[in-house]
Amino acid sequence: GQQVMQIPQYQHVQEGEDFTTYCNSSTTLSNIQWYKQRPGGHPVFLIQLVKSGEVKKQKRLTFQFGEAKKNSSLHITATQTTDVGTYFCAGVRSNDYKLSFGAGTTVTVRA
Amino acid sequence: GAGVSQTPSNKVTEKGKYVELRCDPISGHTALYWYRQSLGQGPEFLIYFQGTGAADDSGLPNDRFFAVRPEGSVSTLKIQRTERGDSAVYLCASSSSGRGPTDTQYFGPGTRLTVL
C-alpha cells in the first residue's frame, strides 16, 4: 500500500489564485520527487529534492522538503489553466530506488 | 532522442486470458521499472530490472504476473489468467543507472488494460 500520503485529493482553484498541496511520509526519505500527470497522460518528472529543508523554484511552482525529510509541499502561485492535472509526490527511502507515490492532488481551474 | 514507448496503448481482454505488455526504454538506460496505476491512485511499484536481471520483484501481486528483459533493453510484462481486478494502466519507466535513489525515472505513456 501507499506509504506516502497526499492532501488534498482534489483542489479546485480560481484562475489567478494560489494553492498548496502537501505530502507526508511515515518514514524518513532520502529524497522526494514531484510529477505532473495531465488528464489521459503519464507522469512527467518535475523536480527532485534531496537536502533537509531544501526549497526549489520553477517559475510559479515552489517545492519544499521538510527538515525531518518526512514531508514536502508544492505551492503554485497565480494558477493558470495550464496547471490542470494531477500532481504526485513520490518518496524514495534510503538505499532504495523504488518510488512510493502518493495518491495525488487533482487540480482543476475555474477561468 | 525518443522517450519510453509502450505497446499496445490499449488492451481489452476477457477474464482468464493471457496478455503481454511491452516496454521499450530510452536507449542506453540500464534500469527499467514497471508500475501499475489504478483509477484515482498513484503508480504502484511492481518490478525493477537492472540490466537483464530482476533486481526487485517484490511489488508483483502474485504468481500470475511475470516480467522479463532478456537482452537488457525491451521488457515484457506477462499476466496469466487475467482477472477483472487486473484492469489498470501499466506504466513502464527507465533510468540511466538505477544505482541510486536520485536517479530520475522517465515514464512511458502506459498500456491501459481492461479485463472484461
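Structure's up top.
Fair warning: this is a prediction, and the values are worked out from it, not measured in the lab.

Caption draft 1: Representation of the overall build of chain B within the structure. The number of helices and strands found in chain B is zero helices and eleven strands. Ordering the α and β elements of chain B from the N terminus gives β-β-β-β-β-β-β-β-β-β-β. Computed over C-alpha atoms, the radius of gyration of chain B comes to 13 Å, within 12% of the 13 Å expected from 2.2 N^0.38 for 116 residues, which places it in the range of a compact globule. Seen along its three principal axes, the alpha-carbon backbone of chain B occupies a region of about 35 × 25 × 25 Å. Buried positions account for 47% of the 116 residues belonging to chain B. A sequence separation of at least 24 residues applies to 54% of the contacts in chain B between residues at least 6 apart. Accessible surface computed for chain B: about 5,400 Å², of which carbon and sulfur atoms make up 47%. In chain B, 12 positive and 11 negative side-chain charges are present, and the distance between their average locations comes to 6 Å.

Caption draft 2: Highlighting the interface of chain B and chain A. Contacts between the two partners involve 23 residues from chain B, matched on the other side by 22 residues from chain A. Here chain B is connected to chain A by zero salt bridges. Applying the counting criterion to the chain B and chain A interface returns two residue pairs in polar contact (both at pLDDT 80 or more). Taken together, the elements giving at least two residues each to the side of chain B that touches chain A come down to β4 (31-37), β5 (44-50) and β6 (53-56) of chain B. A per-element tally of the side of chain B that touches chain A places β4(B) first, with three residues.

Caption draft 3: Local environment of the environment of I32(A). With respect to the element layout, I32(A) can be found in strand β4 (residues 29-37). For the pair I32(A) and R60(A), spaced 28 residues apart in sequence, the C-alpha separation works out to 19 Å.

Caption draft 4: Fine view of the packing of aromatic side chains. All names here are of chain A. The full count for this structure, using the stated rule, is eleven aromatic pairs over all chains. Consider the rings of W34 and F63, whose centres lie 6.2 Å apart with planes at 55°: the pair is tilted. Of this pair, W34 sits in strand β4 while F63 sits in strand β7 (residues 61-65), and the two are 29 residues apart along the sequence. Owing to a relative accessible area of 0%, F63 belongs among the buried residues under this scheme.

Caption draft 5: Local environment of the pattern of salt bridges. Residue and element names in this part refer to chain B. Considering all chains together, one arrives at five salt bridges over all chains under this definition. Across the pair R64 and D86 runs a salt bridge whose closest N-O atoms are separated by 2.8 Å. Note that R64 is positioned in the loop between β6 and β7 (65-68) and D86 in the loop between β8 (75-79) and β9 (88-95), a separation of 22 residues in sequence. An identical accessibility class is assigned to R64 and D86; each is buried. Three or more residues joined by partner-sharing salt bridges are found here, namely R64, E83 and D86.

Caption draft 6: Local environment of the state of the cysteines. Residue and element names in this part refer to chain B. The full count for this structure, using the stated rule, is two disulfides over all chains. Each sulfur of the disulfide joining C23 and C92 lies 1.8 Å from the other. Handedness of the C23-C92 disulfide follows from its S-S torsion of about -65°: it is left-handed. Of the two residues, C23 sits in strand β3 (residues 19-24) while C92 sits in strand β9, which places them 69 residues apart along the sequence.

Caption draft 7: Spotlight on unusual backbone geometry. The step from I7(A) to P8(A) runs through a cis peptide bond, and the omega angle for that step is -5°. With an omega dihedral of -10°, the bond running from T7(B) to P8(B) counts as a cis peptide bond. Note that P8(B) resides in the loop between β1 (5-7) and β2 (10-13). The backbone of K59(A) shows a phi angle near 55°, a positive value even though the residue is not glycine. Mapped onto the secondary structure, K59(A) falls in the loop between β6 (55-58) and β7. For R81(B), which is not a glycine, the phi torsion comes out positive at approximately 45°.

Caption draft 8: Region of interest: the pairing of β7(B). Residue and element names in this part refer to chain B. Residues F65 and A67 line the buried face of β7, whereas the alternating positions F66 and V68 sit on a face that is not buried. Where β7 and β8 come together, four bridges link them in antiparallel fashion. Paired with A67 across the strands is L77, a residue of β8. In this antiparallel pair of consecutive strands, β7 and β8, the connection spans six residues, and G72 shows a positive phi of 80°.

What counts and how
Residues numbered from 1 in each chain as written. Chains lettered and ligands numbered in written order. Predicted model: local features only at pLDDT ≥ 70, side-chain atom pairs only at ≥ 80, totals over all residues. Heavy atoms only, no water. Helix = DSSP H or I, 4+ residues; strand = E, 2+ residues; numbered from the N terminus. Rg over C-alpha atoms; globule rule 2.2 N^0.38 Å. Buried < 20%, exposed > 50% of the residue type's maximum accessible area, 1.4 Å probe, protein only. Contact = heavy atoms within 4.5 Å. Areas by Shrake-Rupley, 256 points an atom, 1.4 Å probe, with all protein chains shown as cover. Lys, Arg positive; Asp, Glu negative; His and termini not counted. Charge placed at Lys NZ, Arg CZ, Asp CG, Glu CD. Salt bridge = Lys/Arg side-chain N within 4 Å of Asp/Glu carboxyl O. Polar contact = N/O pair within 3.5 Å; in protein donor to acceptor, adjacent residues only side chain to side chain. Phe/Tyr/Trp six-rings, centres within 6.5 Å; stacked < 30°, edge-to-face > 60°. Disulfide = S-S within 2.5 Å. Pairing = 2+ DSSP bridges.

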